[in-house]
Amino acid sequence: LILVHGFGLSGKIWELIEPELTTHHEGIRVDLRGHGRSSTPETGYDFETMANDLRIFIETLKLQDVSVMGWSMGVSVLLALFQNPPEAIRSAIFVSGTPKFITSYDFHYGAPPAEHRKLTMDIKSNYMKGMQNFYNLLFRGETVPREMFTRVTRFVTNEMDRPPQHVSLQCLESLAQSDFRAGLKNIAIPVLITHGSADTICRVAASQWMHQQIKGSQLEVFEGVAHAPFLTQTKSFMKKVSAFLDR
């Protein structure tokens, strides 16, 4: 199971669910370019390039019978990958994702452009504060026990795991420009789509729309849960994932 992280983080985020994950599955945590331990080139942060990095990773390691799980921006990378999917991938799990991040006249399930502009301006003017504002959105709308909230926020706000400013800004631009709606109908592998009903970063309606477009897909909505169901609802989340992977 290849694990693809979201915006502003690294593969290390999956460590928080490793005890539950490794009980039944072999997980491979990747760092997208510019994140974690990967190199940080000046360019190449469009999702097609990131997807090609992932393709090379799979082919270089000669992986077979692979499932992939992407969270948030990681879903965008997987959707780019599925424009020409490697034969080794047998199933996919989308967590809190969207085929199009920004709302438009023909897609009403994205984020308002003003939200994206504000986050971009915040990150440009004061990177640390801007990223902290983003991290706070991960749990907005969900009642999380204080101990869990403290543990998770301490982990995601670790400055050592934060990508450079130019990486985050280019990823934000890619989110604004990308539109993977047309390719959804061509996805021919089993797909599990998961989302929290209280998510304010990527709206649950986007996942519900994807479910309608991807033939045979399975949708699981976590009621009252925000953007990171695998962190705040780990046991119930992994139960759904394990049932999907083992079927």
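Residues numbered from 1 in each chain as written. Predicted model: local features only at pLDDT ≥ 70, side-chain atom pairs only at ≥ 80, totals over all residues. Heavy atoms only, no water.

**Q** Help me understand the pairing of strand β3 (residues 66-71), please; the structure alone is not making it clear to me.
**A** The two faces of the sheet receive side chains in turn, since in a regular strand these alternate between them. By the criterion of burial, β3 is predominantly enclosed, with 6 of the 6 residues buried. Side-chain alternation along β3 places V66, V68 and G70 on one buried face and S67, M69 and W71 on a second face that is also buried. Here strand β1 (residues 2-4) runs beside β3; their pairing, made up of 3 bridges, is parallel. Each residue of the ladder has a partner; that of L3, found in β3, is M69. Here β3 pairs with strand β4 (residues 89-95) via 6 bridges, running parallel. Residue V68 lies in a different strand from β4, and its bridge partner there is A92. (Buried < 20%, exposed > 50% of the residue type's maximum accessible area, 1.4 Å probe, protein only. Helix = DSSP H or I, 4+ residues; strand = E, 2+ residues; numbered from the N terminus. Pairing = 2+ DSSP bridges.)

**Q** Mind showing me how you'd approach the pattern of salt bridges here?
**A** Two side chains of opposite charge can pair, provided their charged atoms sit close to one another. For the structure on display, the rule yields 10 salt bridges. Here R33 and D53 are joined by a salt bridge, their closest N and O atoms 2.6 Å apart. Of the two residues, R33 sits in the loop between β2 (28-30) and α2 (47-60) while D53 sits in helix α2, which places them 20 residues apart along the sequence. We classify D53 as partly exposed; its relative accessible area is 27%. Each member of the salt-bridge network shares a partner with another, and the members are E15, E18 and R29. (Salt bridge = Lys/Arg side-chain N within 4 Å of Asp/Glu carboxyl O.)

**Q** I'm lost on the packing of α2 against helix α3 (residues 73-81) in this one. Help?
**A** When two helices pack together, their arrangement is given by the angle between their axes and by how far apart the axes lie. Two elements in contact, α2 and α3, have axes separated by 8 Å at closest approach and are oriented at 75°. As far as their axial angle goes, α3 and α2 are roughly perpendicular. On α3, the residues that touch F47, E48, M50, A51, L54 and R55 of α2 are M73, S76, V77, L78, A80 and L81. (Axes fitted to C-alpha atoms, helices over the stretch in contact; angles between N-to-C directions. Parallel < 35°, antiparallel > 145°, perpendicular 65-115°, else oblique. Contact = heavy atoms within 4.5 Å.)

**Q** Looking at this structure, how should I read the sheet that holds strand β5 (residues 191-196)?
**A** By way of backbone hydrogen bonds, the strands of a sheet pair with one another, either parallel or antiparallel. Here we have 6 strands laid out as an open sheet, ordered β2-β1-β3-β4-β5-β6, and parallel in their pairing. Because the sheet does not close on itself, it has two edges, and the strands there are β2 and β6 (218-222). In this sheet, adjacent strand axes meet at a mean angle of 20° when their direction is disregarded. Where β5 and β6 come together, 5 bridges link them in parallel fashion. For G196, the partnering residue across the bridge sits in β6 and is F222. Against the sheet, helix α8 (residues 204-213) touches β4, β5 and β6, its axis set at about 160° to β5. Each of β3, β4, β5 and β6 is contacted by helix α10 (residues 234-246), which is oriented at about 160° to β4, the strand it contacts most.

**Q** Sorry, what's going on with the nonpolar core here?
**A** Note that soluble globular proteins tend to have their nonpolar side chains buried in a common cluster. Membership of the largest hydrophobic core comes to 79 residues, with the highest contact counts inside it found for I2, M69, W71, I93, F94 and F230. Once you skip the residues sitting within four places of it in the chain, M69 turns out to touch L1, I2, L3, V4, W14, L78, I93, V95, F237 and V241. (Core = buried A, V, L, I, M, F, W, Y, C linked by side-chain atoms within 4.5 Å.)

**Q** Mind showing me how you'd approach the side chain of H195 here?
**A** By the element assignment, H195 lies in strand β5. Engagement of the side chain of H195 in a polar contact is seen with the backbone oxygen of C202, the distance being 2.6 Å. There is a polar contact of 2.6 Å between the side chain of H195 and the side chain of S207. Residue contacts for H195: discarding those within four places in its chain leaves S96, G97, C202, R203, V204, S207, E220, V221 and F222. (Polar contact = N/O pair within 3.5 Å; in protein donor to acceptor, adjacent residues only side chain to side chain.)

**Q** Would you explain helix α5 (residues 127-137) in this entry?
**A** Helical periodicity: at 3.6 residues per turn, an α-helix aligns residues three or four positions apart in one direction. When α5 is considered as a whole, its buried residues turn out to be Y127, G130, M131, F134 and Y135. Taken around the axis of α5, the buried residues stretch over an arc of 140°, which confines them to a single face. (Arc of directions from axis to C-beta.)

**Q** What is the right way to look at unusual backbone geometry in this model?
**A** Note: most residues except glycine have negative phi, and most peptide bonds are trans. Backbone geometry places K62, a non-glycine residue, at a positive phi of 55°. The exposure class of K62 is exposed, given its relative accessible area of 66%. Within the chain, S96 stands out as a residue other than glycine whose phi angle is a positive 55°. Positionally, S96 belongs in the loop between β4 and α4 (113-125). Accessibility expressed as a relative area gives 0% for S96, which makes it buried.

**Q** What is the right way to look at the packing of aromatic side chains in this model?
**A** How two aromatic rings sit relative to each other is set out by the distance from centre to centre and by the angle between their planes. The tally for this structure, following the rule as stated, stands at 9 aromatic pairs. With a centroid separation of 5.0 Å and an interplanar angle of 90°, the aromatic rings of F7 and F134 are classed as edge-to-face. Of this pair, F7 sits in the loop between β1 and α1 (18-21) while F134 sits in helix α5; the two residues are 127 residues apart in sequence, bridging distant segments of the chain. An identical accessibility class is assigned to F7 and F134; each is buried. (Phe/Tyr/Trp six-rings, centres within 6.5 Å; stacked < 30°, edge-to-face > 60°.)

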